[in-house]
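Letter by letter, the chains look like this.
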Amino acid sequence: MPTSFHQSVIDEFRANEGKVGGPFEGGDLLLLTTTGARSGVSRTTPLGYVRHGDSLLVVGSNLGGPRHPGWYHNLLARPVVRVEVGTRSFEALAVPAEGDRREELFGHVVRAVPGYGDYQAGAGRVLPVVALERAEPEGWEGPGEVRTLADKLLEVHTWLRGQLRQVRAEADAHFAARAAHQGPGAPAAPGLGLQIRQRCLAFCQALEFHHASEDGHLFPGIVRHHPHLTDVFARLDDEHRTIARVQGELAALLAGIVIADPRRFHAELDDMSARLNAHLDYEEEALLPLLADVPWPPEVPKG
């Protein structure tokens, strides 16, 4: 649970359109809601932030203490977070910076808020700098207005396809940079990168949730009304298990992130992309006609 002080700040923030008094008065403050890495429980923390382009930067200073704050460990495990700034609330992808990028961003933060330099000097650890970026894939526009369950399913599928394409694009950019660092006297090749890791985790977790929702609620409801489609849903259920196995292999690959082999990574990602897109294509062919007349969001019964 948040401390009583934290909760009072959260309550004041939400009651006053993001403005608070006390030690935060006059500063830039946001509310960051993460999901517990082990508990799965949502936790909200008030944090100072610094703008950098389209991103918001937060620092795991923990008031200069010797340990990283709990919210930082949470977002490493579950990178999609909720951010509240003023009256706005939105989902973001939390990406810790590393290497030269971290030094660049921390310098930007310290120029804006010099106190973070004091925290760094006394912490005895490297303070994490986290960029809160758009959770949607690059160029996300969505499939248009969502009026039916068919529209909603297509929106989710479009998001998943976009995330997968962006993971591939970021991986290609990373491995191109790694190749450019080869040669006598060149600096050490960079690791796979937390940007790619966080994007992959966000994609895998969204896909897992989507499939769990289908298996637990959507598919059983459709089968009750369309028993002649039992074989279709048996195939979809089998494909879900296959894709889950591929996800597990990708997660295992990410566990060795520093020494990841580009060819193996691309082979895993290509395999997953082919299986997922074929699955989504088949699912759309089978389900969209059945869901075209089901309103979204669901109608609330009267009475």
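Residues numbered from 1 in each chain as written. Predicted model: local features only at pLDDT ≥ 70, side-chain atom pairs only at ≥ 80, totals over all residues. Heavy atoms only, no water.

It is worth spelling out the sheet that holds strand E1 (residues 29-35) at this point. Within the open sheet, the seven strands sit side by side as E2-E1-E5-E6-E7-E4-E3. Their pairing is antiparallel. Looking at which strands have only one partner, the edges of the open sheet turn out to be strand E2 (42-48) and strand E3 (50-52). When the angles between neighbouring strand axes are averaged without regard to direction, this sheet yields 35°. Two strands pair when backbone bridges link them, and strand E4 (residues 55-59) and strand E7 (residues 129-134) are joined in this way by four bridges, in the antiparallel orientation. When the bridges of E7 are listed, Leu57 appears paired with Ala131. Docked against the sheet, helix H3 (residues 99-112) engages E3, E4 and E7, running at close to 130° with respect to E3. (Pairing = 2+ DSSP bridges. Helix = DSSP H or I, 4+ residues; strand = E, 2+ residues; numbered from the N terminus. Axes fitted to C-alpha atoms, helices over the stretch in contact; angles between N-to-C directions. Contact = heavy atoms within 4.5 Å.)

In the case of a regular strand, side chains alternate between the two sheet surfaces. Counted residue by residue, E1 has six buried out of seven residues, so it is predominantly covered. Alignment of E1 against E2, held across seven bridges, turns out to be antiparallel. Looking across to E2, one finds that Thr33 is bridged to Thr44. Hairpin remark: E1 followed by E2, antiparallel, with six residues in the connecting loop; positive phi at Gly40, about 75°. In this structure, E1 lies alongside strand E5 (residues 80-85), joined through three bridges in antiparallel fashion. When the sheet's bridge partners are listed, Leu32 is paired in E5 with Val83. (Buried < 20%, exposed > 50% of the residue type's maximum accessible area, 1.4 Å probe, protein only.)

Before going further, it helps to examine the packing of aromatic side chains. One pass over the full model with this rule turns up four aromatic pairs. Arranged with centres 6.4 Å apart and planes meeting at 20°, the rings of Phe5 and Phe24 form a pair that is stacked. Here the residue Phe5 occupies a position in helix H1 (residues 4-15), and Phe24 occupies one in the loop between H1 and E1, the gap between them amounting to 19 residues. A ring pair is formed by Trp71 and Tyr72, whose centres lie 6.5 Å apart and whose planes are at 85°; its orientation type is edge-to-face. (Phe/Tyr/Trp six-rings, centres within 6.5 Å; stacked < 30°, edge-to-face > 60°.)

Let's shift gears to the packing of H3 against helix H4 (residues 115-123). It is the contact of H3 with H4, at a shortest axis distance of 7 Å, that shows an interaxial angle of 125°. When the interaxial angle is binned, H3 and H4 end up oblique. Facing Arg102, Phe106, Val109 and Val110 of H3, the residues of H4 in contact are Tyr116, Gly117 and Gln120. By residue class, the composition of the contact of H3 with H4 is four nonpolar, two polar and one charged. (Parallel < 35°, antiparallel > 145°, perpendicular 65-115°, else oblique. Nonpolar A, V, L, I, M, F, W, Y, C, P; charged D, E, K, R; others polar.)

Now for H3. Relative to the 20 Å expected for 14 residues at 1.5 Å per residue, H3 spans 21 Å between its end C-alpha atoms, a close match to the ideal helical length. Buried within H3 are the following residues: Arg102, Leu105, Phe106 and Val109. Taken down its axis, H3 places every buried residue within 105° of arc, on the same side. In H3, the exposed positions that point more than 90 degrees away from the buried face belong to Asp100 and Arg111. (Expected span 1.5 Å × (residues − 1). Arc of directions from axis to C-beta.)

A few words on the environment of Ser61. Summarising the element assignment, Ser61 is placed in the loop between E4 and helix H2 (70-77). For Ser61, a relative accessible area of 9% gives the class buried. Along the sequence, Ser61 and Gly117 sit 56 residues apart, while their C-alpha atoms lie 9.8 Å from each other. Residues in contact with Ser61, not counting those within four places in the same chain, are Tyr116, Tyr119, Arg125 and Leu127.

The next thing to look at is the layout of surface pockets. Considered as a void within the structure, the largest pocket measures approximately 1,100 Å³ in volume. In terms of lining, the largest pocket is formed by 35 residues, of which the most central are Glu91, Val156, Trp159, Ala206 and Phe209. Secondary-structure elements contributing two or more residues to the lining of the largest pocket are E4, E5, strand E6 (88-96), E7, helix H5 (149-180) and helix H6 (194-225). Here the lining of the largest pocket takes nine residues from H6, the largest share from any one element. (1 Å grid on protein atoms, 1.4 Å probe; cavity = no way out; pocket = protein on both sides within 12 Å on 5 of 7 lines; lining within 4 Å. Points joined across faces, edges and corners; volume = space filled by probe spheres on them.)

On to the packing of H5 against helix H8 (residues 262-291), then. A packed helix pair is summarised by two numbers, namely the angle formed by the two axes and the spacing between the axes. Two elements in contact, H5 and H8, have axes whose closest approach is 10 Å; the angle formed by their N-to-C orientations is 170°. Between H5 and H8, the angle is such that the two are roughly antiparallel. Across the contact of H5 with H8, the residue classes break down as 16 nonpolar, four polar and eight charged.

For the structure shown, the criterion picks out zero disulfides. Sulfur of Cys200: no disulfide; nearest cysteine sulfur belongs to Cys204 and is 6.2 Å away. (Disulfide = S-S within 2.5 Å.)

Structurally, Thr33 is set in strand E1. Residue classification places Thr33 among the buried residues on the basis of a relative accessible area of 16%. Only 2.7 Å separates the side chain of Thr33 from the side chain of Thr44, close enough to count as a polar contact. (Polar contact = N/O pair within 3.5 Å; in protein donor to acceptor, adjacent residues only side chain to side chain.)

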